[in-house]
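Chain by chain, the residues run as shown.
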Amino acid sequence: MGNTICTPPNRASTYGREVDVKASAESVHPMPSSVAVTIAIKAQLAISTSIDNSLRKEKFEHSRRAKILLLGGADAGKSTILKQMRILHMTGFSELEMHSFYNYLRFNVFEIFHEIAMGVQENILAVSEDEKLMIYRFAEGISWFIGIEDEIETQYLLNFLEFESVQTFMKLHPNYASLPDNAHYYLPKLHKLLAPEHIPTAEDILHLRIPTTGISEINFEFSANAIRLIDVGGQRTYRKKWIHCFDGVAAVLFVASLAAYDQALEGVDIDSKPVLHRDLFPPVQLSEVRDSTNEEYEKRVNRLRDSVKLFGEMLRCRFLRSSSFILFLNKTDLFAKKLPLSPLSEHFSSYDGTTNEQASEYLKDQFLKRKSKNDTERTLYSHYTCATDTNNVEFVFKAACDIVFQRNLHTTGAMKCVQ
Ligand SMILES: Nc1nc2c(ncn2[C@@H]2O[C@H](COP(=O)(O)OP(=O)(O)O)[C@@H](O)[C@H]2O)c(=O)[nH]1
Ligand SMILES: [Mg+2]
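Residues numbered from 1 in each chain as written. Chains lettered and ligands numbered in written order. Predicted model: local features only at pLDDT ≥ 70, side-chain atom pairs only at ≥ 80, totals over all residues.

For the protein chain, the name recorded in an unreviewed UniProt entry is Gpa-5 protein, with Pristionchus pacificus as its organism.

Okay, structure coming up:
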């Protein structure tokens, strides 16, 4: 037996001519004793356990966080849901915001009166000379009223509602399709709302119509979960910006107004030629729409059809393939009111039902059948909602979050650590 066997290699190497790198390293750090090995293993185990724990914690943290995106066409009710979350889970609104809400409220009343004045001009032939001028001014827009003192302006607004032509028009067309949805809420309480000392209530604020022009988000805690809720502008021109929010979306709350079944897209939606992102919106040539038959043109610009189409596009969007989709069929209150006055079959010829329930189910089906047959992994969830009703929103939002977090727990594998 040679030296090399009896002598530890590191020692032998010190006498040898060739210096073994491994051996020389070991000579600097002598072989650990069994005690040292145990300590080292224990230390390694401790490190590994601590890494496991922090990974588990991270997974759990990840599973309790969710980015939720509110999508849908203009006026569907997205921002109203965001406002409800601020009322329910945050501190409500600042003084500054309340002040701007009061101004918006007055502006919303102008918008309503503008539509009524246009309706009067289009539909009523006999308008008395006394009323004609003011009808004309309201139909023109807000410009004539700029600079007028608040008190005088309030008087103009209150007088307008008393006009015979306006009252006749409202009786004949209580459901005038161009009338903003909040008219039914604001008009009966106009005196109170326009009083200078009036501070807008939560309900007044929920009925405000303030077009969202950019992207806004709120962060709040909900049932021990951290929610990041993002709201976007729904007009076609703003849709191209949506893509900036599509990263890591746990769920899309797609909001659609059921009451839009007899409404046309606003001028801004029809006339603006959107710069489309190819992945999101397969381009539709405006000329193609304009050149088609009148009936087809009307169909293309029906608000609810536009919403159905948009829903299909979002479902197919590759950036949202792993996101849950929850459809909020909104404005059930307005839908129930207008359905007897404006038959659904006049706008959707394949509908042959008679009840509110059949009509709602029919419209829900229009959305749900947009899901591709190849999209087998996703379940679509839907709720009938009334975004201005705080209790209803609280209930449906919780149901939506249950779906999101249940899915989150499964996908992150964090189920075990919360059990
Ligand atoms: N009556 C009623 N009005 C609603 C409902 N949801 C939204 N609105 C009103 O519809 C208008 C547009 O809502 P908004 O949330 O701004 O729509 P967005 O464009 O999708 O953000 C506002 O005047 C809201 O008060 C609803 O369920 N019922
Ligand atoms: Mg909005």
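Ile68, Leu70, Val252, Leu253 and Phe254 are the most contacted members of the largest nonpolar core, which totals 50 residues. Leu70 has contacts with Lys78, Ile81, Leu82, Leu229, Ile230, Asp231, Val232, Leu253 and Val255, leaving out every residue within four places of it along the chain. (Core = buried A, V, L, I, M, F, W, Y, C linked by C-beta atoms within 7 Å. Buried ≥ 20, exposed ≤ 12 C-beta atoms within 10 Å, placed from the backbone. Contact = placed C-beta atoms within 7 Å.)

For the rest of this paragraph, the subject is the site of ligand 1. Taken together, 24 residues surround ligand 1, and among them Gly77, Lys78, Ser79, Thr80 and Ala387 come closest. Of all the secondary-structure elements, those providing two or more residues to the shell around ligand 1 are helix 5 (78–89) and helix 18 (332–338). Per-element tally for the shell around ligand 1: the top contributor is helix 5, with 3 residues. (Near = placed C-beta within 6 Å. Helix = DSSP H or I, 4+ residues; strand = E, 2+ residues; numbered from the N terminus.)

Our next topic: the sheet that holds strand 5 (residues 324–330). Across the sheet, 6 strands lie side by side as 2-3-1-4-5-6; this open sheet has mixed pairing. Edge strands, defined here as strands with exactly one partner in the open sheet, are strand 2 (215–222) and strand 6 (380–384). Strand after strand, the sheet turns through a mean of 20° between neighbouring axes, direction not considered. Across 7 bridges, strand 4 (residues 251–257) lies against strand 5 in parallel orientation. Bridged to Ser257 within strand 5 is Asn330. (Pairing = 2+ DSSP bridges. Axes fitted to C-alpha atoms, helices over the stretch in contact; angles between N-to-C directions.)

Here the focus is unusual backbone geometry. Phi is positive for Asp75, close to 75°, though the residue is something other than glycine. In this structure, Asp75 sits in the loop between strand 1 (65–71) and helix 5. Given 26 C-beta atoms within 10 Å, Asp75 falls into the buried group. The backbone of Ala224 shows a phi angle near 65°, a positive value even though the residue is not glycine.

Moving on to the packing of helix 6 (residues 95–123) against helix 9 (residues 164–172). At a minimum axis distance of 10 Å, the contact between helix 6 and helix 9 shows a crossing angle of 85°. By the criterion of interaxial angle, the relationship of helix 6 to helix 9 is roughly perpendicular. Taking contact as the criterion, the partners of Ile116, Gly119, Val120 and Asn123 in helix 6 are, on helix 9, Ser165, Val166 and Phe169. Split into classes, the residues belonging to the contact of helix 6 with helix 9 amount to 4 nonpolar, 3 polar and no charged. (Parallel < 35°, antiparallel > 145°, perpendicular 65-115°, else oblique. Nonpolar A, V, L, I, M, F, W, Y, C, P; charged D, E, K, R; others polar.)

What follows covers the UniProt feature "binding site: Mg(2+)" (unreviewed entry) in the protein chain. UniProt's entry tags Ser79 and Thr212 with the feature "binding site: Mg(2+)" (unreviewed entry), counted in the numbering of this structure. Over a stretch of 134 residues, the named residues converge on one spot in the fold, their C-alpha atoms separated by at most 7.5 Å. Tracing the sequence through the fold places Ser79 in helix 5. According to the C-beta neighbour criterion, Ser79 is buried, with 23 such atoms within 10 Å. Apart from the residues within four sequence positions on either side, Ser79 is in contact with Ile210, Thr212 and Asp231. (UniProt positions renumbered as here; feature names shortened; annotations may be inferred.)

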